[in-house]
Amino acid sequence: EKKAKGVAEATGLTLQQSKALVNEAKAAAAATDIRLATTSDILEVQKASIKEFGVANMLSAEQAANIADIGKSFGIGAKAAADVTNEFMRMGMGGTEAANALQDVSADALKAGVSIGAVTTDLATNASEVAEFFAGNVKALRDAAVQAAKLGVNLKTMSSVANNLLKFEDSISSQFEFQALTG
């Protein structure tokens, strides 16, 4: 009852809807393939998704449990995992695809020897701002986030550099046009 009230307050769902979410999260947490995520972690993922998209069934309890479990497994926590997954879903992925992409980017960061937390925080914070450069290509965004971390910068910095290069190109182009017109 207490958890359901907390979910209802955090999401704007009815108490009955919140109770159903809590019961589903409890069942998902008890699943044998979920190792680290607790009911609270699963609810954290669901609350973040509901807040982000305004839809109560955007993620199933099983999907939320998987996302929370991935977040716990890689040491970033359920909330950070939910934030990154929400960014991937905003780019057009479904819940399961987004969870797989989260697992892939976490593994890529680990393989590259960079902080998984830094990469996922960068994605959660800056993905919507730089999405225009990736046209819905989540793999390219994931790769860019890992590369940015290897360079010691974030996606926002890389975006700024790219924009400045485009401005420079426009400036050069304008200068040539001006010279062509004025002789």
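Residues numbered from 1 in each chain as written. Predicted model: local features only at pLDDT ≥ 70, side-chain atom pairs only at ≥ 80, totals over all residues. Heavy atoms only, no water.

Regarding helix H4 (residues 61-73)
Point 1. In this model H4 runs 18 Å from its N-terminal to its C-terminal C-alpha over 13 residues, within 8% of the 18 Å that 1.5 Å per residue would give.
Point 2. Among the residues making up H4, those that are buried are Ala61, Gln63, Ala64, Ala65, Ile67, Ala68, Asp69, Ile70 and Gly71.
Point 3. Packed against the buried residues of H4 are helix H2 (15-29), helix H3 (39-53), helix H5 (77-90) and helix H6 (95-112). (Helix = DSSP H or I, 4+ residues; strand = E, 2+ residues; numbered from the N terminus. Expected span 1.5 Å × (residues − 1). Buried < 20%, exposed > 50% of the residue type's maximum accessible area, 1.4 Å probe, protein only. Contact = heavy atoms within 4.5 Å.)

So, a nonpolar patch on the surface
Point 1. A surface patch of nonpolar side chains, about 250 Å² in accessible area, is lined by Leu151, Val153 and Met158.
Point 2. Locating valine 153 in the fold gives a position in the loop between helix H8 (138-151) and helix H9 (155-182). (Patch = residues over 30% accessible without salt bridge, like charges linked within 9 Å, V, L, I, M, F, W, Y side chains within 5 Å. Areas by Shrake-Rupley, 256 points an atom, 1.4 Å probe, with all protein chains shown as cover. Salt bridge = Lys/Arg side-chain N within 4 Å of Asp/Glu carboxyl O.)

Quick look at the packing of H4 against H6
Point 1. Viewed as axis vectors pointing N to C, H4 and H6 meet at an angle of 10°, and their least axial separation amounts to 10 Å. The angle between H4 and H6 places the two elements in the roughly parallel class. The segment H4 lies against H6, with Gln63, Asn66, Ile67 and Ile70 engaging Gly95, Thr96, Ala99, Leu102 and Gln103.
Point 2. In terms of residue class, the contact of H4 with H6 is built from 4 nonpolar, 5 polar and no charged. (Axes fitted to C-alpha atoms, helices over the stretch in contact; angles between N-to-C directions. Parallel < 35°, antiparallel > 145°, perpendicular 65-115°, else oblique. Nonpolar A, V, L, I, M, F, W, Y, C, P; charged D, E, K, R; others polar.)

Quick word on the environment of alanine 20
Point 1. Here alanine 20 is to be found in helix H2.
Point 2. Considered as a pair, alanine 20 and alanine 4 are 16 residues apart in the sequence and their alpha carbons are 8.2 Å apart.

Some thoughts on the side chain of threonine 120
Point 1. The topology assignment puts threonine 120 in helix H7 (residues 116-130).
Point 2. Judged by relative accessible area, which is 2%, threonine 120 ranks as buried.
Point 3. At 3.2 Å, the side chain of threonine 120 forms a polar contact with the backbone oxygen of glycine 117.
Point 4. Excluding residues that lie within four positions of it along the chain, threonine 120 makes contacts with Ile76, Val84, Leu102 and Ser106. (Polar contact = N/O pair within 3.5 Å; in protein donor to acceptor, adjacent residues only side chain to side chain.)

Concerning the nonpolar core
Point 1. If you look at the biggest cluster of nonpolar residues, it comprises 49 residues, and the most contacted ones within it are Ile42, Val45, Phe88, Val119, Leu123 and Leu141.
Point 2. If you list the elements that add at least two residues to this core, you get helix H1 (2-11), H2, H3, H4, H5, H6, H7 and H8.
Point 3. Of all the elements, H5 adds the most residues to this core, at 7 residues.
Point 4. In contact with isoleucine 42, not counting residues within four places along its chain, are Ala25, Ala28, Ala29, Ala37, Ala61, Ala64, Ala65 and Ala68. (Core = buried A, V, L, I, M, F, W, Y, C linked by side-chain atoms within 4.5 Å.)

Observations concerning the pattern of salt bridges
Point 1. Counted by the stated rule, this structure contains 8 salt bridges.
Point 2. Measuring nitrogen to oxygen at the nearest pair gives 1.6 Å for the salt bridge that ties arginine 90 to glutamate 52. Here the residue arginine 90 occupies a position in helix H5, and glutamate 52 occupies one in helix H3, the gap between them amounting to 38 residues.
Point 3. The exposure class of glutamate 52 is partly exposed, given its relative accessible area of 36%.

Description of H5
Point 1. Relative to the 20 Å expected for 14 residues at 1.5 Å per residue, H5 spans 20 Å between its end C-alpha atoms, a close match to the ideal helical length.
Point 2. Extensive coverage of H5 is indicated by the burial of 10 of its 14 residues.
Point 3. Those residues of H5 not exposed but buried are Ala78, Ala80, Ala81, Ala82, Val84, Thr85, Asn86, Glu87, Phe88 and Met89.
Point 4. Its buried side turned inward, H5 meets H3, H4, H6, H7 and H8.
Point 5. Directly beyond the C-terminal end of H5, a positive phi value near 115° is found at glycine 92.

Scope: geometric values only; no functional claims are made or implied.
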